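If you want the building blocks of each chain, they are given just below.
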Amino acid sequence: MPGPHRHLGDRGRRRQRARRARGPARAVETVLATLAKQPDDLRADVQIISVGAAGALTAPDAAAEIARHLGDATRVDLAVTSDVVTAHAGALDGEPGTVLVAGTGAVACGIDRRGRLRRTDGVGIWLGDDGSGRWIGQRGLSAALRAADGRGGTTSLVQAAIAELGPLADLPTRIGSSPTPERVLASFAPAVLDAAEAGDAIALAIRDAAAAALAVTARAAAPDGDSPVAVLGGLTGHAGFAAALATALAERNLRSTTPRGDALDGAVLIGSRPRLPHEKQVTRVRSAFPR
């Protein structure tokens with residue numbers, strides 16, 4: 001007889017497989033629903049649909065399934081890739097280089113002139129996302145708890161944590177019971193960065209460590225030393241952190257650049273320009289129906 005742990009593990013794996021199977025169907029439904037909202041004359045003029053789907057980078061079969069189903073439903077050409085790839089193409093206007101995403105999570109994607117892709121970090125709350133908003137917020141709250149019970153140095157993060165999230169004694173339960181603990185932790189990142197700007201030594205150390213971690217992630221993904229790095233994500237909206245990150249990137253011989261566009265711009269580029277370096281990451285289906 002299988003033990004209870006094996007039974008629960010098998011059930012969990014079945015649920016995971018079921019979610020993966022539903023993923024392409026949901027993507028197709030979303031695209032078709034969006035298309036249905038457009039005016040008739042606009043729908044009639046559609047020549048190609050370009051999709052950036054979350055998870056497509058690690059699930060090419062799912063990307064191919066999305067392309068086939070959408071092609072059958074719309075009778076137009078399809079280009080399906082990952083949302084990471086469309087963000088890269090938009091940020092660098094279809095050129096090679098590296099995109100570093102620094103938000104609640106953290107991931108870097110580098111594409112060279114031959115279309116070879118390297119992705120670093122982006123492994124989630126338990127295993128990585130080094131330097132992310134979650135990472136900063138978590139360390140800031142840990143510092144506040146240590147300071148409050150005498151294990152750490154004095155820091156303004158104690159009062160900031162109480163103001164933002166309530167009594168410190170309630171933090172473990174609040175975070176542990178949240179269905180999205182990474183978002184709760186990341187919500188404290190702006191307070192940490194503001195404290196760093198005000199000169200709090202502990203907050204400043206957290207900020208600089210986060211910038212250094214993100215720079216290491218970008219360096220590992222970069223195709224070569226001369227290629228640009230475009231930084232995206234919510235953390236870039238904090239001027240002090242953006243400056244610290246730019247310094248950390250320069251220290252690792254990385255050339256930072258302002259993003260030229262977003263993921264929507266990237267999807268348009270990928271759909272209309274099949275000779276981009278990103279093409280190796282794209283699944284295309286040509287319509288068999290004359291227009």
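Provided above is the structure to which this section pertains.
Residues numbered from 1 in each chain as written. Predicted model: local features only at pLDDT ≥ 70, side-chain atom pairs only at ≥ 80, totals over all residues. Heavy atoms only, no water.

A. Local environment of the environment of E95. Residue placement: E95 occurs in the loop between α4 (83–91) and β3 (97–102). It is 7.2 Å that separates the C-alpha atoms of E95 and P277, two residues lying 182 residues apart in sequence. (Helix = DSSP H or I, 4+ residues; strand = E, 2+ residues; numbered from the N terminus.)

B. Here's a closer look at the nonpolar core. Counting 45 residues, the largest nonpolar core has L100, I136, L141, L157, F241 and L249 as the members making the most contacts within it. Look past the residues within four positions of L249 in its chain and what remains in contact with it is A215, A218, V229, V231, L254 and S256. Formed by 15 residues, the second largest nonpolar core is a distinct cluster that contains A53, A63, A67 and L78. (Core = buried A, V, L, I, M, F, W, Y, C linked by side-chain atoms within 4.5 Å. Buried < 20%, exposed > 50% of the residue type's maximum accessible area, 1.4 Å probe, protein only. Contact = heavy atoms within 4.5 Å.)

C. Examining the sheet that holds strand β8 (residues 283–285) more closely. If you walk across this open sheet you meet the three strands as β1-β2-β8, and the pairing is mixed. Only two strands of the sheet have a single neighbouring strand rather than two, namely β1 (48–53) and β8. This sheet shows a mean twist of 15° between the axes of neighbouring strands, independent of strand direction. Examined bridge by bridge, β1 and strand β2 (residues 77–82) share six bridges and lie parallel to one another. Each residue of the ladder has a partner; that of S50, found in β2, is A79. Each of β1 and β2 touches α4; the most contacted strand, β2, lies at about 95° to it. Against the sheet, helix α12 (residues 263–272) contacts β1, β2 and β8, and its axis sits at roughly 130° relative to β1. (Pairing = 2+ DSSP bridges. Axes fitted to C-alpha atoms, helices over the stretch in contact; angles between N-to-C directions.)

D. Spotlight on the pattern of salt bridges. On inspection of all chains with the given rule, the structure shows eight salt bridges. A salt bridge links D112 to R116; its shortest N-O distance comes to 2.6 Å. Judged by relative accessible area, R116 falls into the partly exposed class, the value being 49%. The shortest N-O distance in the salt bridge between E279 and R284 comes to 2.6 Å. In this structure E279 comes out as partly exposed when scored by relative accessible area, which is 23%. (Salt bridge = Lys/Arg side-chain N within 4 Å of Asp/Glu carboxyl O.)

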